[in-house]
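Fold and contact review
For reference, the chains in residue letters:
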Amino acid sequence: MESTNHGEGPVAASKRRYIPLNDVLPPLETLVVAIEGSVDPDGVCCLSIPNRVLGDWANNREKNTSFVALANEYIVDEAITLNPEAARLEDILYRKSLGVVSKVRAARGVNRKNALLRSTTITILNGETISAADLQSELNEVTYLNEEADAFIEGLQEEVQDLKDALSEAQDSQNNPGGKIDAVSNRHARRKIQEVSEHANKALEFLSTYGLVAESLKVHTTSGKTFHIPFSDDAASENEDTVDLRVLYILDRYGIAQDATSFQPNQKIKVRISGDGAKFSRTSSFVLLSYAILMPVGRYLSGIGNHTIAVVKGAEDYDTISTAFAATFQEIDGLQQLGFVAVNGVSYNIELFFSSDMKFMLTMLGLNAANSIYACPKCTVHRDCRWDVSKPELYYSTTMARTLVTNRRAFASHGRTAAVHQGNLIKMSEPQTQQLVAYIRSCGVSFTIWESESSDGKVEWTSLTGEAKKKVLKLLPSKMKDIPLPNAFLDDVVQLWKDFEVLYNLLSSETPPPNAADDIHLKAKRWIQLFLRIKSDGHQKKFVTPYFHVMVYHVPDAIRQFGNMKQFSCQGVEKHKDDSKRNYFSSNHWDAPAEIMLAEHRLELLQQYAREKRHYTKHAAAYWHEGGMQEMRSQMRETLKY
């Protein structure tokens, strides 16, 4: 570096000792930007930049080159990569470089050398670096898109060649390979007329560009015979094909589409992965993996909104799932890391979720059943502490959150606990039981209680559907006061049912109110306290199941994160399982998993030919909602006895 007197005049310059800095300073090309630790809690690291490098950047930087880009070139071993969009870092580097130039110009001799030998430390904050994972993700995305583009171009080239071949075949097929119409039978003549109609209709397609439509074609044979060919025959042919497709849909649907929603490329698509086991027959059990797109709202609650990913014939246990679905899980993990899918050259961002019933979820996590000691999938609460709702809301999500480490520790020290029948929730006499059954039936549902045919005398009852449960939940509490139960807890039992209806409506709402999470937490805590206050069999602390605990401490957090719990309902999964069971019984059972998936795929492709349901308005409220339907069915059963 050259030494200048900076306006001090020849006298001042002659009094100073001249130091050849180029001889004592290391070459500029050997200097690097070092990485150091940061004492700032918000900092990622520190950059130690030689002042000589900062000065060189200030004096020799090209006009369109940023200071961050220059720093990335000097960082030793490319340990980190600075974010080019970090405005704070760009401003600091600019000011520091100008400050170095100013100090060096003001210093002389040894002071100037020392100033150039020093380094400037700059703290790098969160967000001002690009991680290796982000760079690798960008590289993977670019590589993936290039491969998709190459495949798309190759596919287009194949389609172009197929079109050329089809055009050549079509031109050859238009020629009449047989005898003339006058020389063939009437049946063959009708077939040839149909061929002429199809060829003429294709040849006259250009008429639509003029706003014209050809209705018929009038032709004569060499013998003078006239034919009037209507072009509607082609439409009739299409209708016949449509009817055939509808028949095929009905055959698949009753055992004798892809989602039609279009998405924007920049829209994040929510995809839910689900799984469940099913016993299709006395000797055949299957495990199904499925997915559903959580948009539009409500479609994922039906069977047609859920699509099978994989099917395996076997028991619903960890060994079967981990072995049979290993390749599937690997693909799902890769999709999760990639964060997008490419369809026809267009990239769509996706967000994956997993939801299922408690048994399948615990199996996927490598845990035991819901009656084990540590049965909560979100935390490590002990079975004997689930009743305690005095802890703060975030206590179990932070202090006792479940991790892979806690899973392995619990697996090593605790085993599965056997499920023991604890008896009926409320011990009632026979007249009281029959009266309760009558009141439940008066709500408009079919309900029966009976003793098991086995020797243990276990009491069983009718499993209600979703709509039936809603009716009972809404109508039964007002009827309970007429049931001769002990007055000591009758009011609490009625209130327990009413409070749970409020909770159920909040949990099942697709658009919960803004304060739903806090409201659910408080109401669920009070509900458990009321549950334990009832002094009756079935209301002890040991009966507080993992579902109770999850409702109090984990559901509110999920609502804050994802908006509502309705989207994770397994209603559509259960319906999809029923559809798969129907496809199983319509197959020949030779390769049942493959036949189940093929039948479902055909149904999706033929979904547009499904019969639209007839709209029906329920006018008689007394019949549908006030027990009239149940009363009519009872009268029919009584009539059939005679």
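Residues numbered from 1 in each chain as written. Predicted model: local features only at pLDDT ≥ 70, side-chain atom pairs only at ≥ 80, totals over all residues. Heavy atoms only, no water.

Looking at the element boundaries, M358 is found in helix 12 (residues 358-364). Separated by 189 residues in the primary sequence, M358 and Y547 place their C-alpha atoms 8.7 Å from one another. Dropping the residues within four chain positions of it, M358 is found in contact with A370, A375, P377, P546 and Y547. (Helix = DSSP H or I, 4+ residues; strand = E, 2+ residues; numbered from the N terminus. Contact = heavy atoms within 4.5 Å.)

Glancing now at the pairing of strand 2 (residues 43-50). With 7 of 8 residues buried, strand 2 lies mostly within the body of the structure. Bridge count between strand 1 (residues 34-36) and strand 2: 3 bridges; the pairing is antiparallel. The partner of A34 across the bridge, within strand 2, is S48. (Buried < 20%, exposed > 50% of the residue type's maximum accessible area, 1.4 Å probe, protein only. Pairing = 2+ DSSP bridges.)

The strand order across the open sheet built from 3 strands is 1-2-4, with neighbouring strands paired in antiparallel fashion. Lying at the two open borders of the sheet, with one neighbouring strand each, are strand 1 and strand 4 (119-125). On average, adjacent strands in this sheet sit at an angle of 30° to one another, irrespective of strand direction. Across the face of the sheet, helix 5 (residues 87-106) comes into contact with strand 2 and strand 4 while running at roughly 170° to strand 4. (Axes fitted to C-alpha atoms, helices over the stretch in contact; angles between N-to-C directions.)

Here we take up a negative patch on the surface. On the surface, E147, D150, E154, E158, E159, D162 and D165 cluster together to form a negatively charged patch. By the element assignment, E147 lies in helix 7 (residues 132-173). (Patch = residues over 30% accessible without salt bridge, like charges linked within 9 Å, V, L, I, M, F, W, Y side chains within 5 Å. Areas by Shrake-Rupley, 256 points an atom, 1.4 Å probe, with all protein chains shown as cover. Salt bridge = Lys/Arg side-chain N within 4 Å of Asp/Glu carboxyl O. Lys, Arg positive; Asp, Glu negative; His and termini not counted. Charge placed at Lys NZ, Arg CZ, Asp CG, Glu CD.)

This next bit is on the nonpolar core. Judged by nonpolar contacts, the single largest core of 41 residues is most densely connected at L476, W527 and I528. Every element with two or more residues in this core is listed here: helix 15 (430-441), helix 16 (466-479), helix 17 (487-507), helix 18 (516-533), helix 19 (546-553) and helix 20 (555-562). When near neighbours in sequence (up to four residues on either side) are disregarded, L476 contacts Y439, I440, C443, K471 and W497. In this structure, C45, F67, V68 and I122 belong to the second largest nonpolar core, which totals 24 residues. (Core = buried A, V, L, I, M, F, W, Y, C linked by side-chain atoms within 4.5 Å.)

A few words on the packing of aromatic side chains. One pass over the full model with this rule turns up 16 aromatic pairs. The interplanar angle of 45° and the centroid separation of 5.5 Å between the aromatic rings of F500 and W527 together place this pair among those described as tilted. Placement of F500 in helix 17 and of W527 in helix 18 is noted, with a sequence separation of 27 residues between them. You can call F500 partly exposed: its relative accessible area is 31%. (Phe/Tyr/Trp six-rings, centres within 6.5 Å; stacked < 30°, edge-to-face > 60°.)

Right, let's talk about the packing of helix 4 (residues 67-74) against helix 5 for a bit. Following both chains from N to C, one finds helix 4 and helix 5 inclined at 80°, their axes separated by 8 Å at the closest point. Overall, the two elements helix 4 and helix 5 adopt an arrangement that is roughly perpendicular. Contacts between helix 4 and helix 5 involve F67, V68 and A71 from the first element and L89, E90, L93, Y94 and S97 from the second. Across the contact of helix 4 with helix 5, the residue classes break down as 6 nonpolar, 1 polar and 1 charged. (Parallel < 35°, antiparallel > 145°, perpendicular 65-115°, else oblique. Nonpolar A, V, L, I, M, F, W, Y, C, P; charged D, E, K, R; others polar.)

Here the focus is the sheet that holds strand 8 (residues 269-279). Taking strand neighbours across the sheet as the criterion, the 5 strands line up as 10-9-8-12-11 in an open arrangement whose pairing is mixed. With one partner strand each, in any of the chains shown, strand 10 (306-313) and strand 11 (340-343) form the two edges of the open sheet. Between one strand and the next, the sheet's axes are offset by a mean angle of 30°, whatever the strand orientation. Where strand 8 meets strand 9 (residues 285-293), 9 bridges bridge the pair, whose relative direction is antiparallel. Across the sheet, residue V271 finds its bridge partner in strand 9, namely I293.

Next up on the list: a positive patch on the surface. Positive charge collects at one region of the surface, where K575, R611, K613 and R614 lie side by side. Examined against the element boundaries, K613 turns out to sit in the loop between helix 22 (592-605) and helix 23 (621-625). Classification of K613 by relative accessible area gives exposed; the value is 78%.

Bringing the confidence of the model for the protein chain into the picture now. Detailed reading of the predicted coordinates is not advisable wherever pLDDT is low. Chain-level statistics for the protein chain give a pLDDT mean of 76 and a share of 78% at 70 or above. In this model residues 1-23 is a low-confidence stretch, pLDDT under 50, and it forms 22 contacts with partners more than four residues away in sequence or in other chains. Overall, residues 233-244 carries pLDDT values under 50, and its contacts beyond four positions in sequence, including any with other chains, amount to 4 contacts. (pLDDT = per-residue confidence, 0-100.)

This next bit is on the environment of V101. Positionally, V101 belongs in helix 5. In the structure, V101 is positioned 42 residues away from N59 in sequence and 8.3 Å away in space, judged by C-alpha atoms. Leaving out residues up to four positions away in the same chain, V101 has contacts with G55, A58 and N59.

Note that an α-helix has 3.6 residues per turn; residues three or four places apart therefore point the same way. Burial in helix 4 covers these residues: F67, V68, L70, A71 and Y74. Projection of helix 4 onto a plane perpendicular to its axis shows the buried side chains occupying an angular sector of 160°, all on one side. Contacts from the buried residues of helix 4 go to helix 3 (51-60), strand 3 (81-82) and helix 5. (Arc of directions from axis to C-beta.)

Counted residue by residue, strand 10 has 6 buried out of 8 residues, so it is predominantly covered. Here strand 9 pairs with strand 10 via 7 bridges, running antiparallel. Opposite Y291, over in strand 10, you have H307 as the bridge partner.

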